[in-house]
Amino acid sequence: MLTGKQRSYLRSLANNLQPIFQVGKGGINENMIKQFSEALEARELIKATVLRNAECDTRTVAEELAESAGAELVQVIGNKFVLYRESVKAPVIELP
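Residues numbered from 1 in each chain as written. Predicted model: local features only at pLDDT ≥ 70, side-chain atom pairs only at ≥ 80, totals over all residues. Heavy atoms only, no water.

What is the right way to read the sheet that holds strand β3 (residues 72-77) from this model?
What links the strands of a sheet is backbone hydrogen bonding, and the strands pair in either a parallel or an antiparallel sense. Ordered in space as β1-β2-β4-β3, the 4 strands form an open sheet in which the pairing is mixed. The sheet is open, and its two edges are formed by β1 (21-23) and β3, each paired on a single side. With direction set aside, neighbouring strand axes in the sheet form an average angle of 25°. Across the sheet, helix α1 (residues 4-14) touches β2 (45-50), β3 and β4 (80-84), and the angle it forms with β3 is around 60°. The strands touched by helix α2 (residues 30-43) within the sheet are β1, β2 and β4, with β2 carrying the most contacts at an inclination of about 145°. (Pairing = 2+ DSSP bridges. Helix = DSSP H or I, 4+ residues; strand = E, 2+ residues; numbered from the N terminus. Axes fitted to C-alpha atoms, helices over the stretch in contact; angles between N-to-C directions. Contact = heavy atoms within 4.5 Å.)

Here it is as structure tokens:
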């Protein structure tokens, strides 16, 4: 679990990130979870967008992906969300 201070720090880092994934009407599948997991291992902090034609709302998609990928949900704003998971091999982000 992230503390409020850590969550705030990660939100500030994610502010300049561009979304690297889009979740559409196909929803979440095993391949997408694998891609999110690999991206989290490489970057630790990722931003994604949920398209308007998606079957679920943004918070539901973000919570499901966070649980499936073993990540922490940092933020949900509008149709975008941010996930964080510390890298096992090479951690870069140092939380306060």
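Would you mind showing me how to read the packing of α2 against helix α3 (residues 58-69) here?
The packing of two helices is summarised by the inter-axis angle and the distance between the axes. With their axes 9 Å apart at the nearest point, α2 and α3 run at an angle of 70° to one another. The angle between α2 and α3 places the two elements in the roughly perpendicular class. Between α2 and α3 lies a crossing of right-handed hand. Contact with α2, carried on its side by Ile-33, Phe-36 and Leu-40, involves Leu-65, Ser-68 and Ala-69 of α3 and no other residues of that element. (Parallel < 35°, antiparallel > 145°, perpendicular 65-115°, else oblique. Left-handed = near helix turned anticlockwise from the far one by under 90°.)

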